[in-house]
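Chain residues, written in single-letter form:
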Amino acid sequence: QVQLVESGGGLVQAGGSLRLSCAASGRTFTMAWFRQAPGKEREFVAGITWSGGRTYYADSVKGRFTISRDNAKNAVYLQMNSLNVEDTAVYYCADRHYPGSSYNAAEYAYWGQGTQVTVSS
C-alpha cells in the first residue's frame, strides 16, 4: 500500500512559479503528476521513472515544468514556471507501482488527494 500527500499548491499570478511536492510512504516506482480542471478530464502533466533516468512531459508544459524525485526522501517534485491561466487545476501525484513510463491515468495504482493551483491573470 502506498500513500501520497501533495503540497505546495496555491494562488499565483500569471508568469509566476510554484513548486509542488509529493511525499510518499511505501515503495514507489514510476511516478507522475496529473491535473484536472473544472469540467475537464484528468490529464497527464509529467512523469519520471524510479531512477530518474527518464522524464516525460505533456506538450502543453514542456519547457516550463520540471519533474524530479529524491528517492532518499521518497518524494517527487514538480517545478512549474511561466504559469498561465490554463494551468489552473487540481494537481495529483500518482504512483504507477510498476516500472516504465506511461501517460495513461488508468495505469497508475495510487493517487494523492490533490492540491489546488490557481493562476490569476
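Structural data are supplied above this passage.
Counting restarts for each chain, with residues numbered from 1 along the sequence as it is written. It should be noted that, the model being predicted, local features are given only for residues of pLDDT at least 70 and side-chain atom pairs only at 80 or more, the latter also being counted only at that level, while totals for whole chains, interfaces and linings use all residues. As a rule here, side-chain values cover all heavy atoms of the structure and leave hydrogens and water aside.

Within the largest apolar cluster, 34 residues are counted, with the highest numbers of intra-cluster contacts made by W33, L78, M80 and Y91. Helix and strand definitions here come from DSSP, where helices need a minimum of 4 consecutive H or I residues and strands a minimum of 2 consecutive E residues; each element is numbered from the N-terminal end. Going through the elements one at a time, β3 (18–25), β4 (31–36), β5 (43–48), β6 (55–57), β7 (65–70), β8 (75–80), β9 (89–95) and β11 (115–120) are the ones with two or more residues in this core. A contact between two residues is defined here by any heavy atoms of the two lying within 4.5 Å. If near-sequence neighbours (up to four positions away) are discounted, Y91 is found in contact with E6, L20, W33, F34, R35, V45, F65, L78, M80, G114, T115 and V117. In this text, buried Ala, Val, Leu, Ile, Met, Phe, Trp, Tyr and Cys residues form a nonpolar core when linked through side-chain atoms within 4.5 Å. Relative accessibility thresholds used throughout: buried, under 20% of the residue-type maximum; exposed, over 50%; partly exposed, between the two (1.4 Å probe, protein chains only).

Here we take up the state of the cysteines. A pair of sulfur atoms, both from cysteines and within 2.5 Å, is called a disulfide here. Counted under the stated rule, the structure contains one disulfide. In this model C22 forms its disulfide with C93; the gap between the sulfur atoms is 2.1 Å. Handedness of the C22-C93 disulfide follows from its S-S torsion of about -75°: it is left-handed. In this pair, C22 is assigned in strand β3 and C93 in strand β9, connecting sequence segments 71 residues apart. Here C22 and C93 have matching classes, each one buried.

Let us now look at the pattern of salt bridges. Any Lys or Arg side-chain nitrogen located within 4 Å of an Asp or Glu carboxyl oxygen qualifies as a salt bridge. Evaluation of the coordinates by the stated rule reveals five salt bridges. A salt bridge links D87 to R64; its shortest N-O distance comes to 2.8 Å. One end of the pair, D87, is in the loop between β8 and β9; the other, R64, is in the loop between β6 and β7, and 23 residues separate them in sequence. We note a salt bridge from R96 to E107, for which the minimum N-O separation is 2.7 Å. Placement of the pair is R96 in the loop between β9 and β10 (110–111) and E107 in the loop between β9 and β10, with a sequence separation of 11 residues. Residue class for R96 comes out buried when judged on its relative accessible area of 14%. Taken together, the shared-partner salt bridges connect R35, E43, R64 and D87 into one network.

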